[in-house]
Amino acid sequence: STAIYPEKEIPFSLAPGFNKVVAGGLGIINLLGAIYLGALLRDPYLIYKVGPQFAYSIKGLFPFLLTYAVGFNAIPLVRSFVNKAKNADIEARNYFRALWANRQRSPEVQRKIRSAQKYRPKRKVVSRDQIEYTSGKDLDEQGYYEDERKKFRDFDERVNKPRVSKEQITRSKLRSSIKDRV
């Protein structure tokens, strides 16, 4: 029997329902308050009503307050649309997962699975002496670079090897010493 483990949908929030209502209400009040403040700041006589220092400081803070109020409402709204799209994809995957799980239970597919199991390769147990590489040891300890080192030694020997043999050197020394005597 095949168990089906459906993907869980992404919840909008883990907060209890009442907390979501309160947060939404505060967001709306915040936005309406920012809009009302914007209307008050358009009054040309505001400076005379509340004083120039207070009026200019509120006018300076207003863009930040409005951005906060809009963001407080827009971010959850955008998140809601994104979650709905993701949840639709999850629902589709769950549907096809269940569809294929039911298909797998059919007698025809079960027969094919049993037939394919005959051709399954047997499990091979690898002993320690058959291990070529392990992450438990450094590459030098495993002899990984040994072939490269041998190639470099051979190359060095060929390069450093004298072009003239020792016998030829000995003969030429004898000849030159004989010529020197003559």
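Here the structure is shown first, and the text comes after it.
In this text, all values refer to a predicted model and were calculated from it rather than measured experimentally.

Draft legend 1. Inspection of the overall build of the protein at higher detail. Helices and strands together make up the secondary structure of the protein, namely 6 helices and 0 strands. Going from the N terminus to the C terminus, the protein shows its helices and strands as α-α-α-α-α-α. Counting all 182 residues of the protein, 10% fall into the buried class. Look at the contacts in the protein between residues 6 or more apart in sequence, and 68% of them connect residues 24 or more apart. Here the protein displays about 16,500 Å² of accessible surface, and carbon together with sulfur accounts for 61% of that area.

Draft legend 2. Main features of a nonpolar patch on the surface. Among the surface-exposed residues, Phe18, Val22, Leu26, Ile29, Tyr68 and Phe72 lie close enough to one another that they form a single nonpolar patch of about 650 Å² accessible area. Counting residues per element, the ones that place at least two in the nonpolar patch are α1 (17-41) and α3 (52-104). For the nonpolar patch, the element with the most residues is α1, which contributes 4 residues. Tracing the backbone through its elements, the reader meets Tyr68 in helix α3. Judged by relative accessible area, which is 52%, Tyr68 ranks as exposed.

Draft legend 3. Up close: the pattern of salt bridges. Going through the model one piece at a time under the given rule, you end up with 4 salt bridges. One salt bridge connects Arg93 with Glu7, and the closest N-O pair in it is separated by 2.7 Å. Of the two residues, Arg93 sits in helix α3 while Glu7 sits in the segment before α1, which places them 86 residues apart along the sequence. Between Glu7 and Arg97 there is a salt bridge; the shortest N-O distance is 3.7 Å. Taken together, the positions of Glu7 in the segment before α1 and Arg97 in helix α3 put the pair 90 residues apart, joining distant regions of the chain. A single network of salt bridges, built from pairs that share partners, joins Glu7, Arg93 and Arg97.

Draft legend 4. Spatial organisation of the packing of aromatic side chains. Per the stated rule, a full pass over the model turns up 2 aromatic pairs. Relative to Phe72, the ring of Tyr68 has its centre 5.8 Å away and its plane inclined at 45°; by these criteria the two rings are tilted. Of this pair, Tyr68 and Phe72 are both found in helix α3, 4 residues apart, which corresponds to roughly one turn of the helix. The ring of Phe12 has Arg79 sitting right over it, with the charged end atom 5.5 Å from the ring centre.

Draft legend 5. Here's a closer look at the nonpolar core. By size, the foremost hydrophobic cluster in this structure holds 5 residues: Leu41, Leu46, Ala55, Ile58 and Phe62. Of the residues forming this core, the biggest block, 3 residues, is contributed by α3. Residues contacting Leu41, with those up to four places away along its chain left out, are Leu46, Ile58, Lys59 and Phe62.

Draft legend 6. Structural detail: the side chain of Asn87. Relative to the assigned elements, Asn87 resides in helix α3. Among residues more than four places away in sequence, those in contact with Asn87 are Glu9 and Ile10.

Draft legend 7. Region of the structure containing α1. Between its first and last C-alpha atoms α1 spans 36 Å; for 25 residues at 1.5 Å apiece the expected length is 36 Å, and the two agree. Burial in α1 covers these residues: Gly27, Ala34, Gly38 and Leu41.

Draft legend 8. Molecular detail of the environment of Ile47. Looking at the secondary structure, you find Ile47 in helix α2 (residues 46-50). Those residues in contact with Ile47 that sit more than four places away from it in its chain are Pro52, Ala55 and Tyr56.

Draft legend 9. Expanded view of the packing of α1 against α3. Contact pair α1 / α3: the axes reach a minimum separation of 9 Å and the direction vectors enclose 150°. Viewed along their axes, α1 and α3 adopt a mutual orientation that is roughly antiparallel. Our pair here, α1 against α3, has a crossing hand that is left-handed. Within the contact between the two elements, α1 uses Ala23, Leu26, Gly27, Ile28, Asn30, Leu31, Ala34, Leu37, Gly38 and Leu41 and α3 uses Ile58, Lys59, Phe62, Leu65, Leu66, Tyr68, Ala69, Val70, Phe72 and Asn73. Of the residues in the contact of α1 with α3, the class split is 15 nonpolar, 4 polar and 1 charged.

Reading the values: the criteria
- Residues numbered from 1 in each chain as written.
- Predicted model: local features only at pLDDT ≥ 70, side-chain atom pairs only at ≥ 80, totals over all residues.
- Heavy atoms only, no water.
- Helix = DSSP H or I, 4+ residues; strand = E, 2+ residues; numbered from the N terminus.
- Buried < 20%, exposed > 50% of the residue type's maximum accessible area, 1.4 Å probe, protein only.
- Contact = heavy atoms within 4.5 Å.
- Areas by Shrake-Rupley, 256 points an atom, 1.4 Å probe, with all protein chains shown as cover.
- Patch = residues over 30% accessible without salt bridge, like charges linked within 9 Å, V, L, I, M, F, W, Y side chains within 5 Å.
- Salt bridge = Lys/Arg side-chain N within 4 Å of Asp/Glu carboxyl O.
- Phe/Tyr/Trp six-rings, centres within 6.5 Å; stacked < 30°, edge-to-face > 60°.
- Lys NZ or Arg CZ within 6 Å of the ring centre and 35° of its normal.
- Core = buried A, V, L, I, M, F, W, Y, C linked by side-chain atoms within 4.5 Å.
- Expected span 1.5 Å × (residues − 1).
- Axes fitted to C-alpha atoms, helices over the stretch in contact; angles between N-to-C directions.
- Parallel < 35°, antiparallel > 145°, perpendicular 65-115°, else oblique.
- Left-handed = near helix turned anticlockwise from the far one by under 90°.
- Nonpolar A, V, L, I, M, F, W, Y, C, P; charged D, E, K, R; others polar.

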